[in-house]
Amino acid sequence: MPVDFSGTWNLTSSDNFEGYMLALGIDFATRKIAKILKPQKVIEQEGNSFSIQTTSTFRSYFVQFKIGEEFEEDNKGLDHRKCKSIVTWDNDKLVCVQTGDKKNRGWTHWIEGDQLYLELRCEDQVCTQVYKRA
Ligand code: 1AG
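Residues numbered from 1 in each chain as written. Predicted model: local features only at pLDDT ≥ 70, side-chain atom pairs only at ≥ 80, totals over all residues. Heavy atoms only, no water.

- Per an unreviewed UniProt entry, the protein carries the name Retinoid-binding protein 7 and comes from Chelonia mydas.
- Reading the Sequence similarities (unreviewed entry) entry of the UniProt record for the protein gives the comment "Belongs to the calycin superfamily. Fatty-acid binding protein (FABP) family." (UniProt positions renumbered as here; feature names shortened; annotations may be inferred.)

Shown next as structure tokens:
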């Protein structure tokens, strides 16, 4: 049985989100707002199909994908750069590689107890966020 990420998750901590946003070229004013947000994630997982809705008072982002199937990602409302993304399992971790203008871009999700982890990577920056099950 694979891990089930389904559920509603609220951000409790974020480490080096600033560095990650700088690597993506996000402007000063947007970074100041973005860093105080407490986003909520609603994840639906059915077999190999996932949808992840990240909602905040400022911007929201929706992505859906099937494991192992490359898709076009537009990063609308974030840095707006298009990339080709693919999500695969690494044991119980969900690993996304986002190929495009930025080197080493991607993210990893995993669960420990009632906490959801998200590592966001861009160039030499790594941001680690923790979400608690609502
Ligand atoms: C995400 O990816 C994307 C959602 O979680 C936000 C993560 C990082 C933000 C990316 C770049 C910063 C650009 C603009 C900042 C403005 C607002 C921040 C808004 C945060 C809430 C949407 C992983 C996800 C899988 O697709 O969980």
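### Considering the pattern of salt bridges
- Taken as a whole, this structure holds nine salt bridges when the rule is applied.
- As a salt-bridge pair, K84 and E72 come within 2.7 Å of each other at their nearest N and O atoms. One end of the pair, K84, is in strand β6 (residues 83-90); the other, E72, is in strand β5 (residues 71-73), and twelve residues separate them in sequence.
- A residue is classified by how much of its surface remains accessible, and K84, at 37% relative accessible area, is partly exposed.
- Here E72 falls in the exposed class, since its relative accessible area comes to 55%.
- Here D79 ties to R81 by a salt bridge, and the two come within 2.6 Å at their closest N and O atoms.
- Judged by its relative accessible area of 13%, D79 falls in the buried class.
- Note on R81: relative accessible area 21%, which makes it partly exposed.
- One network of salt bridges, in which partners are shared, links E18, R31, K32 and K35. (Salt bridge = Lys/Arg side-chain N within 4 Å of Asp/Glu carboxyl O. Helix = DSSP H or I, 4+ residues; strand = E, 2+ residues; numbered from the N terminus. Buried < 20%, exposed > 50% of the residue type's maximum accessible area, 1.4 Å probe, protein only.)

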